[in-house]
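So you can see what is in the structure, the chains are spelled out below.
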Amino acid sequence: MTELGFEGSYLGANDKISRLAVMECKICWTTYDPQEGDDTRQILPGTAFVDLPDDWTCPGCSAPKAQFLVREDPGAASAAAMAEMERRTAALVADFTEVFNSKMRDMPMVNHALHVQAVDFRPHEGGFLGVLISPLSMNLVFLPPAGYPVLAPTRKETIAFPSGDYEFLHNSREQTGPYLACSLFSPMGDFGSQLQAVEIARVIMVELFKAENRAETDRAADIRTIREAELMPKQPAAEPEPTRRRVITGGLGG
Ligand code: FE
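Below: a short report on this structure. Just so you know, these numbers come straight off a predicted model, no measurement behind them.

**Side note on the overall build of the chain**
When helices and strands are tallied, the chain shows four helices and nine strands. Secondary structure elements in the chain, listed N-terminal to C-terminal, are β-β-β-α-β-β-β-β-β-β-α-α-α. Across the 254 residues of the chain, 41% fall into the buried class. Considering only contacts within the chain whose residues lie at least 6 apart along the sequence, 57% involve residues at least 24 apart. For the chain, the accessible surface area stands at approximately 14,000 Å², while carbon and sulfur atoms represent 53% of it.

**Focus on the environment of lysine 26**
Along the chain, the position of lysine 26 falls in the loop between β1 (22-25) and β2 (31-32). Classification of lysine 26 by relative accessible area gives partly exposed; the value is 35%. For lysine 26 and alanine 63, which are 37 residues apart along the polypeptide, the C-alpha to C-alpha distance reads 8.9 Å.

**What to know about the sheet that holds strand β3 (residues 68-72)**
By way of backbone hydrogen bonds, the strands of a sheet pair with one another, either parallel or antiparallel. Overall, antiparallel pairing links the three strands, which are arranged β2-β1-β3 in an open sheet. With one partner strand each, in any of the chains shown, β2 and β3 form the two edges of the open sheet. Judged from the two bridges that link them, β1 and β2 form a sheet pairing that is antiparallel. Across the sheet, residue glutamate 24 finds its bridge partner in β2, namely threonine 31.

**A closer look at the nonpolar core**
Ranked by size, the top nonpolar core spans 25 residues in total, and within it Val131, Ile133, Met138, Leu140 and Phe168 carry the most contacts. Of all elements in the fold, only β5 (127-133), β6 (138-143), β7 (156-161), β8 (164-173), β9 (177-185) and α2 (194-207) reach the threshold of two or more residues within this core. The element that contributes the greatest number of residues to this core is α2, accounting for six residues. Beyond its immediate stretch of four places on either side in the chain, valine 131 contacts Gln117, Ala118, Val119, Phe121, Met138, Asn139, Leu140, Leu184, Ala201, Ile204 and Met205.

**Observations concerning the coordination of the iron ion**
For the iron ion, the full set of protein donor atoms is Cys25 (SG), Cys28 (SG), Cys58 (SG) and Cys61 (SG), at a range of 2.2 to 2.3 Å. Geometry at the iron ion is tetrahedral, judged from the four donor atoms that bind it and their angles of 99 to 115 degrees at the metal.

**Quick look at the packing of aromatic side chains**
In the structure shown here, the tally under the stated rule is eleven aromatic pairs. With a centroid separation of 5.8 Å and an interplanar angle of 85 degrees, the aromatic rings of phenylalanine 49 and tryptophan 56 are classed as edge-to-face. Given the relative accessible area of 3%, tryptophan 56 is considered buried. Between the aromatic rings of tryptophan 56 and phenylalanine 68, the centroid separation amounts to 5.2 Å while the plane-to-plane angle is 55 degrees, which identifies the pairing as tilted. One end of the pair, tryptophan 56, is in the loop between β2 and β3; the other, phenylalanine 68, is in strand β3, and twelve residues separate them in sequence. Residue phenylalanine 68 is classed as buried on the basis of its relative accessible area of 0%. Clustering of aromatic rings is evident, with ring pairs tying together Tyr32, Phe49, Trp56 and Phe68. One residue, lysine 65, lies across the ring of phenylalanine 49, its end atom 5.4 Å from the ring centre.

Reading the values: the criteria
Residues numbered from 1 in each chain as written. Predicted model: local features only at pLDDT ≥ 70, side-chain atom pairs only at ≥ 80, totals over all residues. Heavy atoms only, no water. Helix = DSSP H or I, 4+ residues; strand = E, 2+ residues; numbered from the N terminus. Buried < 20%, exposed > 50% of the residue type's maximum accessible area, 1.4 Å probe, protein only. Contact = heavy atoms within 4.5 Å. Areas by Shrake-Rupley, 256 points an atom, 1.4 Å probe, with all protein chains shown as cover. Pairing = 2+ DSSP bridges. Core = buried A, V, L, I, M, F, W, Y, C linked by side-chain atoms within 4.5 Å. Donors = N, O, S within 2.8 Å, 3.2 Å for Na, K, Ca; no water. Tetrahedral: all angles 85-135°; square planar, octahedral: opposite > 155°, others 65-115°. Phe/Tyr/Trp six-rings, centres within 6.5 Å; stacked < 30°, edge-to-face > 60°. Lys NZ or Arg CZ within 6 Å of the ring centre and 35° of its normal.

Written as structure tokens, this is what we have:
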């Protein structure tokens, strides 16, 4: 809950309050709670303060709407989190674009139909999670919250999701700061367009949270373990790995 206190009247600034804002008349302290509405004016429960008719007035003293103050706005915290998420994903995209332009542009594996893009980022475990597309790879990326136990670059950490457990590599970039990445596709030669890559990234963000994928990812992990044992004397890296992530990516794009 964010207590905005007495910073001044709302004065019709609809963009300053969320749809969840509980408002208070600064003259008689009558509150307007969107969960209750206002039965004296046939305003239904669930009506946001911003959606009240312009001629709505205080049920206590008839003061106009503009004389109301924010008493509390549970939506303001999520608005701040969204702004933070936007800032951090923009930093991530900027860092990867810069690295790509300076070091990787001429690499043979580059898919020039693609560009760096952050897809479907959302708040997750205090930080933000989404898919980062680049001309070289597609990764599930976790931007950790402040205070997260950050490991040295290239150290691994397993993170559990409803669909299974996934291995992330710790890393860090100048603007982004620390981040964790789980490789989904690399290289990106099978993708015909940015749009196709974005669609697949969106599907992955849905499948990742489906518990019914867990049995399959566990089986895939078993297969991987067996295969790795079989391949150990040879070159395990050369063999495509039936990993958990292959289940959520489901052969899409490849
Ligand atoms: Fe009033």
